[in-house]
Every structure is written in structure tokens, then in C-alpha cells.
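Architecture and fold: a report
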Amino acid sequence: MAHSLATDCQACAGTIAGVFLYKETNMKKLENKCMLITYSDSMGSNLKDLNNVLDKHFKDAIGGVHILPFFPSSGDRGFAPMDYHKVDSAFGDWTDIEKLADKYYLMFDYMINHISAHSEYYKDFLEKKDKSQYADLFIRYKDFWKNGEPTPEQVDAIYKRKPRAPYVDAHFADGTTEKVWCTFDEEQIDINCKSDTAKAFIKDNLTTLCGHGAAMIRLDAFAYATKKAGTSCFFIEPDVWEFLNECEEIVKPYGVTLLPEIHEHYTMQERIAEKDYYVYDFALPMLLINALYYGQTQYLKNWLNICPRKQFTTLDTHDGIGVVDVKDLLPDEEIDRTKEDIFKFGANVKKIYNTAAYNNLDIYQVNCSYYSALGDDDASYLLARAVQFFAPGIPQVYYVGLLAGRNDLKLLEETKVGRNINRHYYSIEEIDNEVERPVVKSLLALMKFRNEHPAFDGGFELLDCADDKLVILRKNGDEWAKLNADFAKKTFEVIYSENGGEKILNY
């Protein structure tokens, strides 16, 4: 049976009134400490394994965990969710999530643009059509477009992931067929976010996540959720701000922070930051690769000077290394040669991994682990992480990156999915071995320092230096930490204050 939104919301309200106040005092909220990004079954087999592994090896290195979608799902490794009220039983249950929330601030995903084609909501719609209580939860072409179809000009205007109008054919139980909006995979059916049904649906789901220990909620594919005929249907203003404010009002009573997820031109992140929301720094990964490949820091310095301060920094995520995010931050010729040289200087990465042969036609990212993009070179990798930890914002470290993971060619070839090159499944035994590698020990020491030194709660300053160097000062009152980096030699030094004196970090 499909969920009744009214019933679900009442249930959530009861939980909030009865239990949530207790949870709120025990579960972690957002802190300025490194956040791990991981799937539920990538560091061990399930959430219990993840909890044990973090306790054993990483409790000083991380303060938060972004647990990638852990709900029952029909595709895209969790990003085609069927029901936000449940944890996939293969991973565990809400108790396992809440145990993690007692120790780390947690980020959950909310796929605000879509729901699974195998969800009870969509199946109810296919069964009952206009009589379904979810009939207006989805975007029906007959209602969205004048005359039921977009014109060629309207199709051209859409910011889309397919070479045609974004839709799938809905096959109803009565034998009729109708087009509904589908931006991504056919398992991911877009939500009509402006409808009253969708507003209740979104409120129900967000409050459910808030009630189970979320410190942050990542609004996945957020820019696609605002659609208007005749436009790009991507980040439509002012609709996007009204929608974001509605979501903010839902989570605010729980002390939960929103993080809109958008891969696009850096100015889009700036506009979100101007509204005092957290943003992602998706430009840093390519800028650092460019600096490390060619021993030059001028483009990196420019970005560090102008980037939003209220942000989460990344070098690697469950997706590829972003290219579109550095448009106009790197000259076009620099983007082209950096992208091409990943296949030259990177370890075990080939162009074919980013083609239809590996079910990947994304032109805006390169599929490769970050360690392998830097040639599996320890010195380059640690330098990149040091810059990330000194940059403005809160650092996120993907689980493969946490273990300085190489490209997983075996998983790639077994699945023929390009992104799986950077989605290795680590057993507990593997992790026990990987943490003994010198590069991983050094990385964990840097993360522990980043979490504990008070300088990182203060200001950020770039100091003058040569074009192949980078000097960053973080200062908070009398406490400070300085990074001296040499991109030609791939070396760096961290000097910091301690008890009125100064020390050099031994990593």
C-alpha cells in the first residue's frame, strides 16, 4: 500500500513530540570537523560494520559522516529511493543510524527532484491514474505543456541529461499511456514540487529524516526541481529561492542544516552562498590537479581568494571529478589540457571509461579516484589534502580517498559502470591493512590536526609567494596554523601555535 501523507505526517508529529526531544540532546549537530562520505556497505557489509570500523580506526580523524542513500531503492546505488521511512534491511535499521548519530554529525540525502519508479507512490498512480491520491505528485506532460507537448524550441531550452525531451511513458492499468517528466534514469521519476500533494510529501519525508538523527540534509539534484515551460527548467529564479525557503522552514525547528547540491558554474554556488546557505566547493578538485600537474598556483590562489567561506570542500565524491565547475576559473585551454592529462598522468584511467561502453556519457566529469588521478603518488596526494584542509570551509573526504584508494578496475569491468572505478567495496580485513600504509597514516594525522586545532575556527588568509608556491594562514585570536606548500617539488610543511610557542606538525 502507498503511504498516506496525512497519516505519515501525523505519525511524524507524534514522534517529534514524544521522542525527538530526547534524541535532540544526544545526537550530534554540525561541527567544523572533517566529514566522511561513504555508502552503508562500502566499509564493511553494513551499518554495524561501519560503526565498528570508524570506532577502531577513524574516530579522531572524522567528526561527521555523510551516509549516502540508505533507503530501499530500485537503482543508481540508492539514488532511486522508494521510501524514506525505512532503512534498507540489507544495511540495518534506524537504530544503527541513530547509534552513529550519537557519535558523529550525520548528513542524509534527500532526492528532492525524484522518487523511484518502483515506489508505492508511483505504482499507485499507474494503478489508479486520475483517482490516485498521488495523481499530481508527478509532472504530467498533458498538464505541464500547452497542447501536451513541448515545442522544439522549448526542448532545446531545457537543461537536460538526455538528447530529447526528458520523459518516460507511464503505462496505466486501464491500458492508456501518458508522458511523465523524467530527468535522469527511468527509475527516477520527477516530482511536481509545486503541487499541494508534493508539498505534503516533502514535509513528511524531511521531518522523518530530521527525527532520525540528521544534522544535515543534502538536497540532491536541487536545481532540477524548479521547472517552468519555456525556460531551462534548471535553477529557475525566484522559484528556486521560494522552494529552498519552504524546505528551510520545515527543518529549522529541528536544528537541521540544508546543503543544496548543484554541479554547475561557480557563480551559482556564489548566489546560494549570498542567501547564507552552505554550498559545495566542487571547483577545488580540478584546480588542485591543474596546480599539481603543472607546478602553478595562480588559478588555485584566485579561487581561494574569492570562494564562499560557508562551504563544504571536496576532492572526491561518489561521482566523478567535476569539469563543468571550473568553467571561467581555469581558461578553456587549461581545462582541456588538465582533463586530457588525467588520462596521461593518472594511474589506470582511460578515456573509454567515460563513454557509452561503460554506461557513462557525462561530459562534465571524469571517472577516476583522486589518488589515481595524481598518479598514485603519495606526496602529491597529501599535498592536495593539506590544501583542502586549510581552505575555507569544512572538508569532506570520500571513503576511497580516506584510504588513498586506487582505481578499482575489477569492479569497473565486472559492472561496466564508469563511476564504479571509484566505488570499491572494502572488507574489514582490507581496511585493517590499508590503514597501515604510510600515506593513510599521514592523512589521518592531518585530519586529526584539522579537527582539533582552534585556528580553523578563525579567519583565512593567503600570503604572498611565488607562482609555484602556496602559503595559507589560518588564525583565530592568538592561535594560528600555517601551510607552506611547494607545487614544483610536491612538498609542504605545517607550522602551528601551541602553548604560546610554535611547532612543526609531524605527519
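Relevant structure appears above.
It should be emphasised that the depicted structure is a prediction, and the values quoted were computed from it without experimental measurement.

This part is about the overall build of the protein. Helices and strands together make up the secondary structure of the protein, namely 18 helices and 19 strands. For a compact globule of 507 residues, the expected C-alpha radius of gyration is about 23 Å, and the protein comes in at 23 Å, within 12% of that figure. Principal-axis analysis of the C-alpha atoms places the extent of the protein at approximately 75 × 55 × 45 Å. Of all 507 residues assigned to the protein, the portion counted as buried reaches 60%. Of the contacts made within the protein by residues no fewer than 6 positions apart, 71% connect residues no fewer than 24 positions apart.

Bringing the sheet that holds strand E15 (residues 459–463) into the picture now. The sheet built from 5 strands is open, its strands ordered E15-E16-E17-E18-E19 with antiparallel pairing. Each edge of the open sheet is held by one strand with a lone partner, namely E15 and strand E19 (501–504). Ignoring which end each strand starts from, the neighbouring axes of this sheet average 20° apart. Contacts from helix H11 (residues 298–306) reach E15 and strand E16 (469–476), with the element oriented near 20° to E16. Packing against the sheet, helix H14 (residues 378–390) makes contact with E15, E16, strand E17 (479–486) and strand E18 (491–498), and its axis sits at approximately 145° to E17.

Let us look at the pattern of salt bridges. Using the criterion set out here, one finds 36 salt bridges in the structure. Among the ionic pairs, Asp 319 bridges to Arg 423, the shortest N-O distance being 3.5 Å. Of this pair, Asp 319 sits in the loop between strand E11 (311–313) and strand E12 (321–322) while Arg 423 sits in the loop between helix H16 (409–415) and helix H17 (428–434); the two residues are 104 residues apart in sequence, bridging distant segments of the chain. Each of the two residues, Asp 319 as well as Arg 423, counts as buried. For Asp 332, the salt bridge identified is with Lys 327, shortest N-O distance 3.0 Å. When its relative accessible area of 33% is taken as the criterion, Lys 327 is described as partly exposed. Each of Asp 109, Arg 218, Asp 220 and Glu 261 takes part in one network of salt bridges that share partners.

A few words on the environment of Met 447. Position of Met 447 among the secondary structure elements: in helix H18 (residues 438–452). Residue Met 447 is classed as buried on the basis of its relative accessible area of 0%. As a C-alpha pair, Met 447 and Arg 385 span 62 residues in sequence and 8.9 Å in three-dimensional space. Residue contacts for Met 447: discarding those within four places in its chain leaves Cys 34, Ala 61, Ile 62, Phe 389, Val 397 and Leu 402.

About the criteria used
- Residues numbered from 1 in each chain as written.
- Predicted model: local features only at pLDDT ≥ 70, side-chain atom pairs only at ≥ 80, totals over all residues.
- Heavy atoms only, no water.
- Helix = DSSP H or I, 4+ residues; strand = E, 2+ residues; numbered from the N terminus.
- Rg over C-alpha atoms; globule rule 2.2 N^0.38 Å.
- Buried < 20%, exposed > 50% of the residue type's maximum accessible area, 1.4 Å probe, protein only.
- Contact = heavy atoms within 4.5 Å.
- Pairing = 2+ DSSP bridges.
- Axes fitted to C-alpha atoms, helices over the stretch in contact; angles between N-to-C directions.
- Salt bridge = Lys/Arg side-chain N within 4 Å of Asp/Glu carboxyl O.

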